[in-house]
Amino acid sequence: MTKRTIERREFLKRAAAGAAVGLVYPHARVLGASDRVRLGIIGPGARGQELMHEFLKVPNVEFVAVADVYTRRHDEAKQIAPGVKAFDDHRRLLDLKDLDAVIVATPLHCHARHFLDTLAAGKDLYCEKTMTWSIAEADECLQAAKRSNRVVGIGLQHQSSGQLVDAKQWIKDGLVGKITSVESWMSRNTPRGKGQWVRPIPADCTAANVRWEAFLNGRPRRPFDAYQFINWRLFWDYSGGNVTENMVHQIAWIMRALDLPLPTAAYMSGGVFSEKDGREVPDTIAVTLDFPNDLVVTWQSTFSNKRFGIGDRILGSHGTIERLMGATDMVTGKSESGLRYYPEKDNRPEGAALAGETKDQHHMTNFIDCVRTRKEPNAHVEIGYRSAVAGHMANMAYRQKQRVTLEATHATARR
Ligand SMILES: NC(=O)c1ccc[n+]([C@@H]2O[C@H](COP(=O)([O-])OP(=O)(O)OC[C@H]3O[C@@H](n4cnc5c(N)ncnc54)[C@H](O)[C@@H]3O)[C@@H](O)[C@H]2O)c1
C-alpha cells in the first residue's frame, strides 16, 4: 500500500469518527435579529487577523476566543479583540458553549480537521479557501456539511461580487451565446532574488512557542522547522501552491457564472522557474480544465511578470465578458479593472457594449446574516467543494505529469 493510500484511509477513518459524532449535533442557540453573534477563530495568522478586522465591521458581532498553535498569534489577536480567551488547542475553543460560529484560517492541510471538528461541535463555520487539501477530504467535508444543519460558508469572497450577479444575468439573457472557451490568468512579480510568498521568520518562532506536532497534523514526523511553519505555502505537504491559493477564487467565480459541474479532465504544466529558492510548488503554471458540453477553461499564472494582473474572459458566439483586476491595457498602458461586455458583431450586429453595475456585498456580513437567518451563504459549501476538486485535479495532473480524469480521482460527491 502506498503512503498516500494509507494517509487517505487514516483520514477517512478519522473523518468518519468525527462525522459520526456530528450526527448528534449539540444544541445550538437560535439567534434573534438583535442578538450578538459570538465568534471564535482557529488560526489567527495573516489572513485570520484580516478576517477578525472584517468580521468586527459587521454590527453586533464579537470575538470570544481564538485558538492557535503559535503563542505570538494569541498576543496579536488580543490586540484586535481585547479580552478574547486564547487556546493552543482548537478543541478547547470548540468546547466553549457560548460560541455561535467558528472561523477557520489555518494552513490548507489543517482545514479538513478543523472543518469536521467545528461541525461536530455544533457550531456554524466559515472556512477559508481552498476548502480542503485533498479530494478525499473535500468529499468528507461536503458530506458532513450536508448531514449537519449548520451554516457553512467558504472564504471565496468573489462569490459576493456584484460582477458575478451581472455576468450571470448577461449569460441568462443570451448576450453571450454559445460559450466554448474561458481564459483566465493571474500574475505577480517580486524583486529578483525575493520569491513570492516568502515571509521572514519572527525571532520568537521557536519550538518552545509552537505546537509543532499539532501543526504537522498527521504529516510524517520531522524536527521543528520554523521556515516550513511560516512558509507552509511553498510545500506540498501543507499547500496546493498557487492553484489552491488563487486559481480557486477564479475557477469558483467562473463555475458559478456558467453554472458548471466538476471538470471531466485536467491538465497542468509549469514548474519552479521564477525563483529556485527551495520551494516545491510551481510558480509558473498553465492549467486546462475540460467540462461537459464542449467547454474548455484555461488558467495561467506567473510570479515574474504582473503586467496583465488578474483577469477572466468568457468567450461566446454572441459576446465576450471580460473581468479585469489591475491589468495593464495594451494600448493605453493604464491599469484596468471592472466587468465589461462586448458584443460579437457576427451574431449581435446591433449589440452594445455594457459595464457591470451591481455593487459587491460585504462577504463577511453575508455570512453573519446567514448565521441569523439560517440561509445559505453566497460562498456555499457546494462551490467550495467544486472549486477544491477542480484545483486538486489540476495539481494531480502536474504531479503525475499526465491528464487526470474525474473518474480517476474517485471523487464520490460528483455533480
Ligand atoms: N480568502 C482570501 O483571499 C485569503 C487570503 C489569504 C489567505 N487565505 C487563506 O487563509 C489560510 C491561512 O493563510 P495565512 O496566510 O493567514 O497563513 P498564516 O500562516 O499566516 O496563518 C495560519 C495560522 O494558523 C496557525 N496554525 C497552524 N496550524 C494550526 C493548528 N493545527 N491549529 C491552530 N492553529 C494553527 C498558525 O500558527 C498561523 O497563525 C490559508 O488557507 C489561505 O489560503 C485566504
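Residues numbered from 1 in each chain as written. Predicted model: local features only at pLDDT ≥ 70, side-chain atom pairs only at ≥ 80, totals over all residues. Heavy atoms only, no water.

### Considering the sheet that holds strand β3 (residues 85–87)
Within the open sheet, the six strands sit side by side as β3-β2-β1-β4-β5-β6. Their pairing is parallel. Of all strands in the sheet, those with a lone pairing partner are β3 and β6 (152–154), marking the two edges. Put simply, the sheet's adjacent strands are angled 20° from each other on average, direction ignored. Pairing between strand β1 (residues 37–42) and strand β2 (residues 61–67): six bridges, direction parallel. When the sheet's bridge partners are listed, Arg38 is paired in β2 with Glu62. (Pairing = 2+ DSSP bridges. Helix = DSSP H or I, 4+ residues; strand = E, 2+ residues; numbered from the N terminus. Axes fitted to C-alpha atoms, helices over the stretch in contact; angles between N-to-C directions.)

### Some details on the nonpolar core
Counting residues in hydrophobic clusters, the biggest one holds 94 residues, and the most contacted among them are Leu93, Phe115, Val287, Leu289, Val297 and Ile314. If you look at the next biggest cluster of nonpolar residues, it comprises 25 residues, including Met52, Val66, Ala81 and Met364. (Core = buried A, V, L, I, M, F, W, Y, C linked by side-chain atoms within 4.5 Å. Buried < 20%, exposed > 50% of the residue type's maximum accessible area, 1.4 Å probe, protein only.)

### Here's the deal with the confidence of the model for the protein chain
Averaged over every residue, the pLDDT of the protein chain is 93; residues scoring 70 or more account for 93%. When the criterion is pLDDT under 50, residues 16–24 qualifies, and its contacts beyond four places in sequence or with other chains add up to six contacts. (pLDDT = per-residue confidence, 0-100. Contact = heavy atoms within 4.5 Å.)

### Description of the site of the ligand
Surrounding the ligand, one finds 27 residues, the nearest of these being Arg47, Asp68, Gln157, Arg199 and Arg233. Backbone polar atom of Gly155 to a nitrogen atom of the ligand: 3.1 Å apart, as the coordinates give it. In this structure, Glu245 approaches the ligand through a side-chain N or O atom, which is 3.1 Å from an oxygen atom. Secondary structure elements with two or more residues in the shell around the ligand: α2 (46–56), α5 (111–120), α8 (212–216) and α10 (241–258). (Near = heavy atom within 4 Å. Polar contact = N/O pair within 3.5 Å; in protein donor to acceptor, adjacent residues only side chain to side chain.)

### A short note on a nonpolar patch on the surface
On the surface, Phe308, Met330 and Val331 cluster together to form a nonpolar patch covering roughly 360 Å² of accessible area. Tracing the chain through its elements places Val331 in the loop between β12 (319–328) and β13 (335–343). On the basis of relative accessible area, Val331 is assigned to the exposed category, the value being 77%. (Patch = residues over 30% accessible without salt bridge, like charges linked within 9 Å, V, L, I, M, F, W, Y side chains within 5 Å. Areas by Shrake-Rupley, 256 points an atom, 1.4 Å probe, with all protein chains shown as cover. Salt bridge = Lys/Arg side-chain N within 4 Å of Asp/Glu carboxyl O.)

### A few points about the packing of aromatic side chains
The full count for this structure, using the stated rule, is 12 aromatic pairs. Measuring from centroid to centroid gives 6.2 Å for Phe55 and Phe367, while their planes differ by 85°, and the two rings are edge-to-face. Residue Phe55 is found in helix α2, and its partner Phe367 is found in helix α11 (residues 363–373); the two are separated by 312 residues along the sequence. Look at Phe215 and Tyr238: their rings are 4.9 Å apart centre to centre, the planes differ by 45°, and that puts the pair in the tilted class. Of this pair, Phe215 sits in helix α8 while Tyr238 sits in the loop between α9 (226–230) and α10; the two residues are 23 residues apart in sequence, bridging distant segments of the chain. The residues Phe215 and Tyr238 share a single accessibility class, namely buried. Through a chain of ring-to-ring contacts, the aromatic side chains of Tyr70, Trp212, Phe215, Phe224, Phe229 and Tyr238 assemble into a single cluster. Over the face of the ring belonging to Trp133 we find Arg219, whose NZ or CZ atom lies 4.3 Å from the ring centre. We note Arg323 situated over the ring of Trp253; from NZ or CZ to the ring centre the distance is 4.0 Å. (Phe/Tyr/Trp six-rings, centres within 6.5 Å; stacked < 30°, edge-to-face > 60°. Lys NZ or Arg CZ within 6 Å of the ring centre and 35° of its normal.)

### Focus: the packing of helix α7 (residues 162–172) against α10
For the pair α7 and α10, the least separation of the axes is 8 Å and the interaxial angle reads 35°. For the element pair α7 and α10, the recorded crossing hand is right-handed. Contact with α7, carried on its side by Gln163, Leu164, Ala167, Lys168 and Ile171, involves Trp253, Arg256, Ala257 and Leu258 of α10 and no other residues of that element. Classifying every residue of the contact of α7 with α10 by side-chain character gives six nonpolar, one polar and two charged. (Left-handed = near helix turned anticlockwise from the far one by under 90°. Nonpolar A, V, L, I, M, F, W, Y, C, P; charged D, E, K, R; others polar.)

### Let's talk about the pattern of salt bridges
Taken as a whole and assessed by the stated rule, the structure comprises 22 salt bridges. A salt bridge links Glu54 to Lys57, with the shortest nitrogen-to-oxygen separation between them at 2.8 Å. With relative accessibility at 58%, the residue Lys57 sits in the exposed group. A salt bridge links Asp277 to Arg279, with the shortest nitrogen-to-oxygen separation between them at 2.9 Å. Taking relative accessible area as the criterion, Asp277 reaches 29% and is therefore assigned partly exposed. Overlapping salt bridges bring together Arg72, Arg73, Glu76 and Asp204 as one network.

### Notes on α5
Given 3.6 residues per helical turn, the α-helix brings residues three or four places apart onto the same face. The element α5 is extensively covered by neighbouring structure, given that eight of its 10 residues are classed as buried. Regarding α5, the residues found buried are His111, Ala112, His114, Phe115, Leu116, Thr118, Leu119 and Ala120. Remark: Gly122 follows α5 within two positions and exhibits a positive phi of approximately 80°.

### Some words on the packing of α10 against helix α12 (residues 381–400)
Axis separation between α10 and α12 bottoms out at 9 Å; the angle between their running directions is 125°. The orientation of α10 relative to α12 falls into the category oblique. Crossing of α10 against α12: the hand is right-handed. Taken together, the residues of α12 that come into contact with α10 (itself represented by Val243, Thr244, Met247, Val248, Ile251, Ala252, Met255 and Arg256) are Ile383, Arg386, Ser387, Ala390, Gly391, His392, Ala394 and Asn395. Here the contact of α10 with α12 is composed, by residue class, of nine nonpolar, five polar and two charged. (Parallel < 35°, antiparallel > 145°, perpendicular 65-115°, else oblique.)

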